[in-house]
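Fold and contact review
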Amino acid sequence: MKVALIQQSFHQTKENTLLHTTQLIKEASDNGASLIVLQELHQTEYFCQSEDTSFFDYAFSFLDDVAFWSKVAFENKIVLVTSLFERRTAGLYHNTAVVFDKDGSVAGKYRKMHIPDDPGFYEKFYFTQGDLGFEPIKTSIGTLGVMVCWDQWYPEGARIMALKGADMLIYPTAIGWFDGDEKAEKERQLDSWITIQRSHAIANGIPVLSCNRVGFEKDSSGVLEGTRFWGNSFVCDSQGSFIAHANHQNEVILYANIDMERTKKVRDIWPFFRDRRIEAYNDILKRYCD
């Protein structure tokens, strides 16, 4: 199965960005991709660099956004993974991945479960923790374990998705560096980000697709300099080996061919699920084992 990850920058306005994204989707579809993954909050700038209530207005278009991407999926005959800002009611918002099937129908959605709150990533101000759990989404091309960004650091979510039958793990994400950080620190952060996700592939015996944005985005509040999103979108196989890997600075359609039969072969030689000691894992449900 041919997949495509759209690693791109924000193009100054939502309208410009949507136009650019749909052009890239058409190109990927024309080149044979049946699954296309977009990055986290791909319609707008990454507005969580500051706390500003005016940005909640972005979520008011959620239903229109769903209709728009449904049409895109249908016109290109693709399974499409999007990342949208969902307004549920006044004061209640979610960072939501919506998956569309080839006929334009909504195959399912996932509300981001783990919400960070760090300088330049003030997501708790905007997003309520997800309440849909870790439920894989069934599509015409397979069962997708879709999570979002900060979720990628948690092996628990990846494991549950795999235990419930996900054929692959997919992470739309928005993560980057601060220019003031030392080069060595930047390299450590990037290496950790890649390593933790590859480990999910290995531990669960399924491919991982991680789609990150790229480019510098200034903090609209002026408090922080801004974030330079580090790209490095990648696809790795069920043993954690890279199938495709983008660089840190360019917009790119990252293509990869995924062998859906390989999961069985890998799990047969590395039967981690067989040897799990489920009766001994009760402590994992505690916040900390004091």
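Coordinates for the structure precede this section.
Presented here is a report on the structure given in the accompanying data block. Here the residue index of a chain counts from 1 through its sequence in written order. Given that this is a predicted model, residues contribute local features only at a pLDDT of at least 70 and side-chain atom pairs are listed and counted only at 80 or more, while totals for whole chains, interfaces and linings are drawn from all residues. With hydrogens and water excluded, all non-hydrogen atoms of the structure serve as input to the side-chain values.

**Here's the deal with the overall build of the chain**
- Of regular secondary structure, the chain possesses five helices and 15 strands.
- For 290 residues, the compact-globule estimate of 2.2 N^0.38 gives 19 Å, and the chain sits close to it at 18 Å.
- In terms of overall dimensions, the chain has a C-alpha envelope of 50 × 50 × 40 Å along the principal axes.
- What makes two residues a contact is simply this: any of their non-hydrogen atoms within 4.5 Å. Summarising the internal contacts of the chain: among those between residues at least 6 apart in sequence, 68% fall at separations of at least 24.
- Note on areas: these come from Shrake-Rupley sampling with a 1.4 Å probe, and a residue is covered only by the protein chains present in the view. Per element, the accessible surface of the chain, about 13,400 Å² overall, is 52% carbon and sulfur.
- Positive and negative side-chain charges in the chain, numbering 31 and 40 respectively, have mean positions lying 6 Å apart. For the purposes of this entry, the term helix denotes a DSSP run of H or I that reaches at least four residues, the term strand denotes a run of E that reaches at least two, and both are numbered from the N terminus. As a reference, a globule follows 2.2 Å times the number of residues to the power 0.38, and the radius of gyration itself is taken over C-alpha atoms. Here Asp and Glu are counted as negative and Lys and Arg as positive; His is not counted, and neither are the chain ends. To locate a charge, the coordinates of NZ of Lys, CZ of Arg, CG of Asp or CD of Glu are taken.

**A word on the nonpolar core**
- Ranked by size, the top nonpolar core spans 44 residues in total, and within it L35, L144, I170 and L209 carry the most contacts.
- What L144 contacts, discounting residues up to four positions off in sequence, is L35, V79, V81, V99, P136, I137, T139, A166, M168 and I170.
- Judged by nonpolar contacts, the second largest core, of 20 residues, contains I6, V66, W69 and L80. In this text, buried Ala, Val, Leu, Ile, Met, Phe, Trp, Tyr and Cys residues form a nonpolar core when linked through side-chain atoms within 4.5 Å. Any residue under 20% of the maximum accessible area for its type is buried, any over 50% is exposed, and the rest in between are partly exposed; the area is computed with a 1.4 Å probe on protein chains only.

**Here we look at the sheet that holds strand 13 (residues 234–236)**
- One bridge is not enough; two strands pair if DSSP finds at least two bridges between them. A sheet is described by the order of its strands in space; here six strands give the open sequence 6-7-8-10-13-14, paired in mixed fashion. In this open sheet, the two edge strands, each paired with only one partner strand, are strand 6 (137–139) and strand 14 (242–245). Sheet twist, expressed as the average angle between the axes of neighbouring strands with direction ignored, equals 20 degrees.
- Relative to strand 14, strand 13 is paired through three bridges, and the arrangement is antiparallel. The residue of strand 14 that forms the bridge with F234 is H245. All axes here are fitted lines through C-alpha atoms, helices being fitted over the stretch that makes contact, and every angle between N-to-C directions spans 0 to 180 degrees.

**A short note on the pattern of salt bridges**
- For this analysis, a salt bridge means a side-chain nitrogen from Lys or Arg found within 4 Å of a carboxyl oxygen belonging to Asp or Glu. Summed over all chains, the structure comprises 18 salt bridges.
- As a salt-bridge pair, E217 and R213 come within 2.6 Å of each other at their nearest N and O atoms. Accessibility classification places E217 together with R213 in one group, the buried group.
- Each of E86, R88, K109, R111 and D131 takes part in one network of salt bridges that share partners.

**Focus on the packing of helix 3 (residues 155–163) against helix 4 (residues 183–204)**
- Following both chains from N to C, one finds helix 3 and helix 4 inclined at 35 degrees, their axes separated by 10 Å at the closest point. Like other packed secondary-structure pairs, helix 3 and helix 4 cross with a definite hand, here right-handed. Note on element contacts: helix 4 touches helix 3 through H200, A203 and N204, opposite P155, A158, R159 and A162.
- As a working rule, the residues Ala, Val, Leu, Ile, Met, Phe, Trp, Tyr, Cys and Pro are called nonpolar, Asp, Glu, Lys and Arg charged, and the rest polar, with Gly in that last group. Of the residues belonging to the contact of helix 3 with helix 4, the class tally is four nonpolar, two polar and one charged. The crossing is said to be left-handed when, going from far helix to near helix, the turn is anticlockwise and less than a right angle, and right-handed when the turn is clockwise.

**What about the side chain of H42?**
- Note on placement: H42 falls in the loop between strand 2 (35–38) and helix 2 (62–76).
- Of the polar contacts made by the side chain of H42, one reaches the backbone nitrogen of S83; its length is 3.1 Å.
- If near-sequence neighbours (up to four positions away) are discounted, H42 is found in contact with T17, W69, T82, S83, L84 and R213. For this analysis, a polar contact is any N or O atom pair within 3.5 Å, provided that within protein one partner can donate a hydrogen and the other can accept it, and provided that sequence-adjacent residues contribute only side-chain to side-chain pairs.

**Concerning the sheet that holds strand 2**
- Pairing in this open sheet of six strands is mixed, and the strands run 5-4-3-2-1-15 from one edge to the other. A strand with exactly one partner marks an edge of an open sheet, and here the two such strands are strand 5 (106–111) and strand 15 (252–257). For this sheet, the mean inter-axis angle between neighbouring strands, taken without regard to orientation, is 30 degrees.
- Helix 2 contacts strand 2, strand 3 (79–89), strand 4 (92–100) and strand 5 of the sheet and is inclined by roughly 170 degrees relative to strand 3.

**Observations concerning the state of the cysteines**
- By disulfide we mean two sulfur atoms from cysteines, separated by a distance within 2.5 Å. Under the counting rule described, the total for this entry stands at zero disulfides.
- Residue C149 stays outside any disulfide, its sulfur separated by 9.6 Å from that of C48, the closest cysteine.
- Look at C149 and you get buried, because its relative accessible area is 6%.
- The structure places no disulfide on C236, whose sulfur is separated from the nearest cysteine sulfur, that of C211, by 14 Å.

**Some points on the packing of helix 1 (residues 14–30) against helix 2**
- At their nearest, the axes of helix 1 and helix 2 sit 10 Å apart, and the two run at 25 degrees to each other. One finds that helix 1 runs roughly parallel with respect to helix 2. For the pair helix 1 and helix 2, the crossing hand works out as right-handed. Residue-level contacts link K14, L18, T21, T22, I25, K26 and S29 of helix 1 to D65, F68, W69, V72 and N76 of helix 2. In these notes the angle categories are as follows: under 35 degrees is roughly parallel, over 145 is roughly antiparallel, 65 to 115 is roughly perpendicular, and the rest is oblique.

**Considering the packing of aromatic side chains**
- Side-chain rings of Phe, Tyr and Trp (the six-membered ring for Trp) are treated as a pair once their centres are within 6.5 Å; stacked means planes under 30 degrees apart, edge-to-face means over 60, and tilted covers the remaining angles. Under the definition given, this model contains 27 aromatic pairs.
- For the ring pair Y46 and F229, a centre distance of 5.8 Å and an interplane angle of 75 degrees mean the geometry is edge-to-face. Remark: F229 occurs in strand 12 (residues 227–230) and Y46 occurs in the loop between strand 2 and helix 2; sequence separation between them is 183 residues.
- For Y46, a relative accessible area of 2% corresponds to the buried category.
- An aromatic cluster is built from F47, F55, F56, Y58, F85, Y93, F125, Y126 and F127, whose rings are joined through pairwise contacts.
- Over the aromatic face of F74 sits the side chain of K77, whose NZ or CZ is 3.9 Å from the ring centroid.
- Here, a charge over a ring means that NZ of Lys or CZ of Arg falls within 6 Å of the ring centre while also lying within 35 degrees of the ring normal. Directly above the aromatic system of F229 lies the positively charged group of R213, at a separation of 5.4 Å from the ring centroid.

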